[in-house]
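# Structural features, examined
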Amino acid sequence: MLIVLVLMVSVAGQAFAQNADTSAIPIILGQSLKSKDNKVEAVPNGGAEKGEKSELKTLPIGSRIFKAVVEVAHPDELKVGESVDVSVVAIGKEGSHATAVLKNVRLHSVESLPGTTDQVPPEESDEAETVVEHGHELPAVFPTRIVGLVVKGGEVEKIRLADAQGVLRISEHVHKATGGMLGEIANNFVSNLFQPLLLFFFMGFAIPLLRVPFEFPKALYQSLTIYLLVAIGWHGGELMAELPSSELAVAGGLAAVGFIVNGTIGLSATWILRAFTPMRRIDAVTVGSYYGSDSAGTFVTCLGILAALGLHHDSYMPVMLAVMEIPGCLVGLFLISRLRGSGMDKLGNMPDEPGYLGDANALVADAESGDVHSESYEDTHHSPPVAKSVGAAVAGHRSGALNLKILHEVFLNPGLYMLFGGIIVGFISGRQALVDPHVVEGPNNLFLTMFKGALCLFLLEMGITACQRLSDLKTAGIGFVLFGVLAPVLFATFGMCALHAYSMALGHQFETGTYALFAVLCGAASYIAVPAVQRIAIPEASPTLPLAASLGLTFTWNVTLGIPIYIEIAKKIIEFMPVTG
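To start, this report covers the structure provided alongside it. A quick note: this is a predicted structure, and the numbers were derived from the prediction, not measured. Just so you know, the residues in each chain are numbered from 1, in the order the chain's sequence is written. Where totals are concerned, whole chains, interfaces and linings use all residues; where local detail is concerned, this predicted model gives features only for residues with pLDDT of at least 70, and gives and counts side-chain atom pairs only at 80 or more. Side-chain calculation: all heavy atoms of the structure are included, whereas hydrogens and water are not.

This paragraph deals with the overall build of the protein chain. When you go through the protein chain residue by residue, the secondary structure sums to 20 helices and eight strands. Relative accessibility decides the category of a residue: with a 1.4 Å probe and only protein chains considered, values under 20% of the type maximum give buried, values over 50% give exposed, and everything between is partly exposed. Buried positions account for 52% of the 581 residues belonging to the protein chain. By the convention used here, residues are in contact when the closest approach between their heavy atoms is within 4.5 Å. Counting contacts in the protein chain only where the partners sit at least 6 residues apart, residues at least 24 apart contribute 83% of the total. Only DSSP runs of H or I with at least four residues qualify as helices, and only runs of E with at least two residues qualify as strands; both kinds are numbered from the N terminus onward.

Even without glycine at this site, Arg-211 takes up a positive phi of about 55°. For Arg-211, the position within the fold is in the loop between helix 4 (196-210) and helix 5 (218-240).

Our next topic: the packing of helix 6 (residues 245-276) against helix 17 (residues 478-506). Here, axes are lines fitted to C-alpha atoms. For helices the fit covers the stretch in contact, and angles between N-to-C directions go from 0 to 180 degrees. The contact between helix 6 and helix 17 brings their axes to 10 Å, and the two run at 150°. With respect to helix 17, the element helix 6 is oriented roughly antiparallel. In this structure, helix 6 crosses over helix 17, and the sense of that crossing is right-handed. Residue composition of the contact of helix 6 with helix 17, grouped by class: 19 nonpolar, five polar and no charged. We call two directions roughly parallel when the angle between them is under 35 degrees, roughly antiparallel when it is over 145, roughly perpendicular when it lies between 65 and 115, and oblique otherwise. Handedness of a crossing is defined here by the sense of rotation of the near helix relative to the far one, left-handed for an anticlockwise turn of less than a right angle and right-handed for a clockwise turn. Just so you know the grouping, Ala, Val, Leu, Ile, Met, Phe, Trp, Tyr, Cys and Pro go in nonpolar, Asp, Glu, Lys and Arg go in charged, and all remaining residues, Gly too, go in polar.

A few words now on the nonpolar core. Think of a nonpolar core as a cluster: buried Ala, Val, Leu, Ile, Met, Phe, Trp, Tyr and Cys residues, connected wherever their side-chain atoms sit within 4.5 Å. Core analysis: the largest hydrophobic core is formed by 127 residues, its most contacted members being Leu-254, Tyr-291, Phe-480, Phe-483, Phe-510 and Phe-518. Discounting chain neighbours no more than four positions away, the residues touching Phe-483 are Ala-269, Ile-272, Leu-273, Val-287, Tyr-291, Pro-488 and Phe-491. Counting 22 residues, the second largest nonpolar core, distinct from the first, contains Ala-68, Val-84, Val-156 and Ile-159.

Turning our eyes to something else, we now look at the packing of aromatic side chains. Only the six-membered ring of Trp is used, alongside the rings of Phe and Tyr, when aromatic pairs are assigned; centres must lie within 6.5 Å, and planes under 30 degrees apart are stacked while those over 60 apart are edge-to-face, with the rest tilted. For the structure shown, the criterion picks out 13 aromatic pairs. On the basis of an interplanar angle of 20° and a centroid distance of 6.0 Å, the ring pair of Tyr-502 and Phe-510 is categorised as stacked. A relative accessible area of 14% means that Tyr-502 is categorised as buried. By the ring-pair criterion, three or more aromatic residues cluster together here, those being Phe-201, Phe-202, Phe-205, Tyr-527 and Phe-555.

Our next topic: the pattern of salt bridges. Just to be clear on terms, a salt bridge is a Lys or Arg side-chain nitrogen sitting within 4 Å of an Asp or Glu carboxyl oxygen. Inspection of every chain in the model, using the stated rule, returns nine salt bridges. Across the salt bridge formed by Arg-280 and Asp-283, the nearest N and O atoms sit 3.1 Å from each other. Overall, Asp-283 belongs to the buried group, its relative accessible area being 8%. With a shortest N-O distance of 3.8 Å, Arg-281 and Glu-353 are connected by a salt bridge. You can see Arg-281 sitting in helix 7 (residues 281-291) and its partner Glu-353 sitting in the loop between helix 10 (326-341) and helix 11 (360-369), a full 72 residues away along the chain. The class for Glu-353 is buried, based on a relative accessible area of 12%. Within the structure, one salt-bridge network assembled from shared partners comprises Arg-281, Asp-352 and Glu-353.

Right, let's get into the pairing of strand 7 (residues 144-151). Each regular strand displays side chains that alternate between the two surfaces of the sheet. Judged by how many residues are buried, strand 7 sits mostly within the fold: six of eight residues are covered. Here eight bridges tie strand 2 (residues 64-72) to strand 7, and the two strands are oriented antiparallel to one another. Each residue of the ladder has a partner; that of Val-70, found in strand 7, is Arg-145. Two strands form a pair only when DSSP identifies at least two bridges running between them.

Considering the arrangement of structural elements, one finds Met-350 in the loop between helix 10 and helix 11. Judged by relative accessible area, which is 3%, Met-350 ranks as buried. Once the C-alpha coordinates of Met-350 and Leu-339 are considered, the two residues, eleven residues apart in sequence, prove to be 7.7 Å apart.

Below, the discussion takes up a negative patch on the surface. Negative charge collects at one region of the surface, where Asp-76, Glu-77, Glu-82 and Glu-172 lie side by side. Along the chain, the position of Asp-76 falls in the loop between strand 2 and strand 3 (83-92). Residue classification places Asp-76 among the exposed residues on the basis of a relative accessible area of 52%. To count toward a patch, a residue needs a relative accessible area above 30% and no salt bridge. Like charges then connect within 9 Å, nonpolar side chains (Val, Leu, Ile, Met, Phe, Trp, Tyr) within 5 Å. For the accessible areas, the method is Shrake-Rupley and the probe is 1.4 Å, while residue cover comes only from the protein chains on display. This count recognises Lys and Arg as positive and Asp and Glu as negative, with His and chain-terminal groups excluded. To locate a charge, take NZ of a lysine, CZ of an arginine, CG of an aspartate or CD of a glutamate.

A few words now on the environment of Ala-487. Inspection of the secondary structure assignment puts Ala-487 in helix 17. C-alpha separation for the pair Ala-487 and Ala-269, spaced 218 residues apart in sequence, amounts to 7.9 Å.

Positionally, Gly-430 belongs in helix 14 (residues 414-433). Under the relative-accessibility criterion, Gly-430 is labelled buried at 5%. The spatial distance from the C-alpha of Gly-430 to the C-alpha of Leu-239 is 7.1 Å, given a sequence separation of 191 residues. Not counting residues up to four positions away in its chain, the partners in contact with Gly-430 are Glu-238, Ala-241 and Val-440.

Bringing the side chain of Ser-503 into the picture now. With respect to the helices, strands and loops of the structure, Ser-503 is situated in helix 17. Assessed through its relative accessible area of 0%, Ser-503 is described here as buried. Side-chain polar atoms of Ser-503 contact the backbone oxygen of His-508, separated by 2.3 Å. Residues in contact with Ser-503, not counting those within four places in the same chain, are His-508, Gln-509, Phe-510, Tyr-515 and Val-579. Definition of a polar contact: a pair of N or O atoms within 3.5 Å, with one able to donate and the other able to accept a hydrogen when the atoms are protein atoms, and with sequence-neighbouring residues admitted only if both atoms are side-chain atoms.

Judged by side-chain polarity, Leu-209, Leu-210, Val-212 and Phe-214 come together as a nonpolar surface patch covering roughly 400 Å² of accessible area. On the secondary structure map, Phe-214 appears in the loop between helix 4 and helix 5.

Right, let's get into helix 17. Take the number of residues in a helix, subtract one, and multiply by 1.5 Å to get its expected span. With 29 residues, helix 17 extends 42 Å from end C-alpha to end C-alpha; this agrees with the ideal 42 Å at 1.5 Å per step. Bend is computed residue by residue as the angle between axes fitted to the seven residues ending at the residue and the seven residues starting at it. At Leu-486, helix 17 shows its largest kink, close to 40°, and the proline Pro-488 lies no more than four residues downstream. Following helix 17 by one or two positions, Gly-507 has its phi on the positive side, about 75°.

Functional significance is not addressed by these values, which are geometric in nature.
Here it is, written out as structure tokens:
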């Protein structure tokens, strides 16, 4: 699927390159991979006092520069490279009113207005008149500057509309958290705790606890899942359409890193479960394969939190969601084939595990030759029920771990198809939109405007399911419960370190939001793709334990405490080991 996507990107890029007037859109191509200067210099007053033009030296991939004449609350504190908040000012009967447009936007450049370089404008003098509005002392007339702001994706249209509606005003972005890393984590947790996304999750989580007679309609859940996957793909493809081929190469390298990292996580999770829990080997392998994949629900929740916090991410991350779902499936199939080759019975027990019935391959061979005795079934009369497809599955796997049906389920399951399809359609439409922006107007209203509302309903259902799965953990043991809570942090941190190593090798600094999304792709566990593969290829394994861990523990942890912690860990990694070219 990744090869198909790359071919589609190449063909579409050639098809539209001749017609697209990209000069009309100020796209910043990002810093060169060979750049020797990746540092951002904070210039007091932006160099504006002497009429000098000051600009940010390096820029994130896929960024655009939006230039406008804006009001500045405190021009003496304006520094290139720092973050600012953008508001639109409207004048009413009761005076001016500022409405927030964008928060935490990076300042790219600052220029003085023509004619103001030789003398201090009256509004900036020490005797400038001030007024009090809503308890705050503000200038009667705000100073103005020509500034460039680093914006991405949907922010461009948002700030353009605001600029058309009134005067833009920028002010220094102030982080509310104090007390270092722990203070920031606590502040982010409290902020996230009362966001609509998590409130809907907690609302759903309380339904089984309070025994509310409510069942989420299955058809609505399926519809929301399809919508969210297509919406993620559409938006990602639309943003990728604005990237040059050099940045798509960076995305391809990151996809390879993600594939290797999640494959390693799948193997590591299996080893940890075998070492620290009394689980059967087949169940340890199955749970490990869940953690070697990723979670679309956690990914979309992280997208919502990043949007609320004003943190950017690179536009190709939806591709990573699709790519990093596959390694867990392949790791699970490979390890299960080895267990079957080592004499696993038809219930999934190994020779050194209680209740072992004998080599399932030998039983199938005897059945095919007609030599099975009736006594061989007497011992299984009181055994746990086994899926009807066990015999067929075992027989079908004697020659290897993979067959066409399993490969089809791994690479063309409905979730991956909807995600990849959305990416391809969004990319082609995004290339057309470079010529005619009206092409994407309708789909953007559907897939972008309604996204957060649909995500709230999706998290309501996920809260119900997560709470119900907690009961399955009663027989799993304390080691299994600790794994479901602690493993996500370990795997997410490992993933962010791998991403940062790739970043340092390239000499390119990824966005903080990209680190957070990569962390949840590594620290989450599948509950859609891998269960579908398990039903076909591993029917002997427990169907409840992996879902109890992935939904009841890991998903709940990630969407409440996990994501804010990953964001703070990412900031510390970037700060401790800065990327230099």
